[in-house]
Amino acid sequence: MAGDRKAASVPPAKQQRWIELADAINQARTEYYQRDKPTLSDDDYDSYFRELLSLEQDWPQLQSGESPSLSVGGNRSEMFNPVEHLHRMYSLDNVFSSDELDAWLARVERGIDQVPDYLCEVKIDGLAVDAVYVDGRLKSLATRGDGRVGEDVTYNAAFIPAVPALLTKPKGAAIPRLLEVRGEIFLPVATFQQLNEEQLAQGLSPFANPRNAAAGTLRQRIDRREDELRSAEQSQTPGGRGASKIARLRSELELSISRLNGLGLTVHGIGEVDGFSITRQSQGYDFLAALGLPVSKLARVENSLAAVRSFINHFGEHRHDVEHEIDGVVIKVDELALQEQLGETARAPRWAIAYKYPPEVVRTRLIDIQVNVGRTGRVTPFAVMEPVKVAGSSVAMATLHNAFEVERKGVLIGDMVYLRKAGDVIPEILGPVVEARTGSERPFVMPMLCPACGSTLGPAKEGDKDYRCPNARGCPAQLRERLSHVASRGALDIEGLGEKAAYALLDCGLLADEGDLFLLTQADLLNCEFFRREPAKGEDGPQLTENAKSMWAQVQLAKGRPLWRVLVALSIRHVGPTAAQSLARVFGSLDSISSASIAELAEVDGVGETIAVAVREWFSEPWHQQVVSKWRAGGVQFADEGGGSTSHELAGLVVVITGSLAGYTRDSAAAAVTSRGGKVSGSVSSKTSVLVAGESSGSKFDKAVALCVPVIGAAGFEVMLTDGLEAALTTIK
């Protein structure tokens, strides 16, 4: 049929549809690969691409050199220097069903006239990169780009522990003179969740998915940030003018480096090589692992089609048990000679295929958009939808962040919408199904009055996209959220004080505000029906339920939590766990923090001017001081033992601690450094003064060696604390 059509002219409607599809796919690639902000769902992209392939199969004359079917998705941006790959990087063709997989397997076996061994591995939803090593030393790290030329991100590799700077000499073999490997840079799901928590704590929108967060993290110009900081430091006046800018730039730089430090890498391919030979791809993985390169521990060679299908089904059921997001399974012919026999198309190898799992995107009806008042007064629109099952759970609500986000996404009340939920990630509306509109839909109008207390809503300052309720102390919605936050795992971690218990404490009038929590007695709880039960035989009067007793005991334990948790629990705007830990390490007590100036606060690593201003403003509010006074009266500890900077032996030093040190927790070791004027960083860089390596040290040790950073052990750490770094360096053998 297709052959008969080669000579026939393409119907105008078919040609126009091909143009529409090609434009949509190319635009989606630009947004996805260059801007890290996809505007098309994975489901739609795959659907468009398959429709385009179908049109080209029926009308071959549509296919030209500009067709997306003949090119690798993605181009290089102008932000980075170009790097030409030594060996072209291909994309992968996809299949979406057992029938399509069977058809591909049949084509492979016809092409080589045998049933080969198949190498099966999970398909990481990350950013494809190409790394080149010369004599065992990293020469370049580049993104895939268009498959021939990518973006040079080598400078950033120094801050990614997962990317070895030096290869390890394998036992019984030499390090290759030249080695080009391909892999995926990814953000572990746990890190992604923490990153989104930090985003939300700062009033920012969360990243849509780990892939976008990883791509945005990798594609940063760290060198330019360092140049900007260096320039600011050099131009600082003797009177200290410019200190806040320097603190801000340093904080931003360290945050960027910290995020790079959290990226992972899995190597899954080999390009150009000189110095070793293999006959199977799985054999290559073993050799790469011996060189110290991270390869997947989940890859497996299967010698039957049934085993391949079993591998696919297993990870389809356990896709969220893996540390990173996966969107399918890659199946490769393992033997290299057979790979060469099968060859490649213009964009993909014939010897490999990606079996894509159903995207975690569904369609449902947007019934209404309502607003929620948060603990800091932020009023957040959220979507109320027809309940739908996605990613294994039923979802009926999703955040929309703010009125500007609602407008940007173009959703109307009554719309059919695309909803995405991957595992435990926040449900997200991607956008409306425009073609499904009936004309009955209506726009969302942001309310001008707080639904909880009736106060007039508005932005906290000019240009702020978020609307806030100004009635911070009296708004019942804010109080409920703050109380729940106090008990959350990221704050004081009070087990048993969940949403229902928090609401009961307020509804029964046991608390006027969160300050009263630690003044509660068991007798107080008996005055609330939620916490008491009828007496059993032989008991004298109503008794507390077991849950109430447990909650009260947990409240008592929470009084002794570390200072940084207390800071988080106070709901100071922008102060999440990272900033709170930095403040606690440097100042050591709540009194010291509350009396510090903005400049002193801003100089703390990981704080900066914005957070410093927020801290200063929080403590200047009289009713906040009353909360602190009540907590103090209730027995809450406001100082860490030995906390606060008391001497200056380590002033100016940047110390990184890895592994376990006898007699110290990670927090107490860091406090020992900061109390002597030193700074503690979470990642090794060229600015690191020394790495303290305890037992079970990880990749930070390798990074320190690569950057020629001094490394001391537990004994050296003790010497450094008492006699300084120079004395500690004499302990190195």
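Our structure's up above, just so we're on the same page.
Residues numbered from 1 in each chain as written. Predicted model: local features only at pLDDT ≥ 70, side-chain atom pairs only at ≥ 80, totals over all residues. Heavy atoms only, no water.

A. Just the state of the cysteines, in detail. Counted under the stated rule, the structure contains one disulfide. The closest cysteine sulfur to the non-disulfide-bonded Cys475 is located on Cys450, 3.8 Å from its own sulfur. Relative accessible area serves as the criterion here: at 0%, Cys475 is assigned to the buried category. (Disulfide = S-S within 2.5 Å. Buried < 20%, exposed > 50% of the residue type's maximum accessible area, 1.4 Å probe, protein only.)

B. Spatial organisation of the pairing of strand β13 (residues 378-390). With ten of its 13 residues buried, β13 lies for the most part within the structure. Examined bridge by bridge, β13 and strand β18 (residues 467-468) share two bridges and lie antiparallel to one another. Within β18, the position partnered with Arg378 by the bridge is Arg468. Across six bridges, β13 lies against strand β14 (residues 393-399) in antiparallel orientation. By the bridge assignment, Val388 is partnered in β14 with Val395. (Helix = DSSP H or I, 4+ residues; strand = E, 2+ residues; numbered from the N terminus. Pairing = 2+ DSSP bridges.)

C. Geometry of the sheet that holds strand β3 (residues 118-124). The strand order β2-β11-β10-β3-β9 describes an open sheet built from five strands, whose pairing is mixed. Bordering the open sheet on either side are β2 (94-95) and β9 (300-302), each of which pairs with just one other strand. Of the strands in this sheet, β3, β9, β10 (326-333) and β11 (352-356) are in contact with helix α11 (residues 305-317), which crosses β3 at around 15 degrees. (Contact = heavy atoms within 4.5 Å. Axes fitted to C-alpha atoms, helices over the stretch in contact; angles between N-to-C directions.)

D. The arrangement of the nonpolar core in detail. Counting 59 residues, the largest nonpolar core has Leu505, Leu517, Phe531 and Trp631 as its most contacted members. In terms of residue count, helix α18 (residues 563-569) provides more of this core than any other element does, six residues in total. Excluding residues that lie within four positions of it along the chain, Trp631 makes contacts with Val486, Glu514, Gly515, Phe518, Val566, Ala569, Leu570, Val636 and Phe638. Core analysis: the next-biggest nonpolar cluster, separate from the first, contains 41 residues, Phe80, Leu167, Leu253 and Ile278 among them. (Core = buried A, V, L, I, M, F, W, Y, C linked by side-chain atoms within 4.5 Å.)

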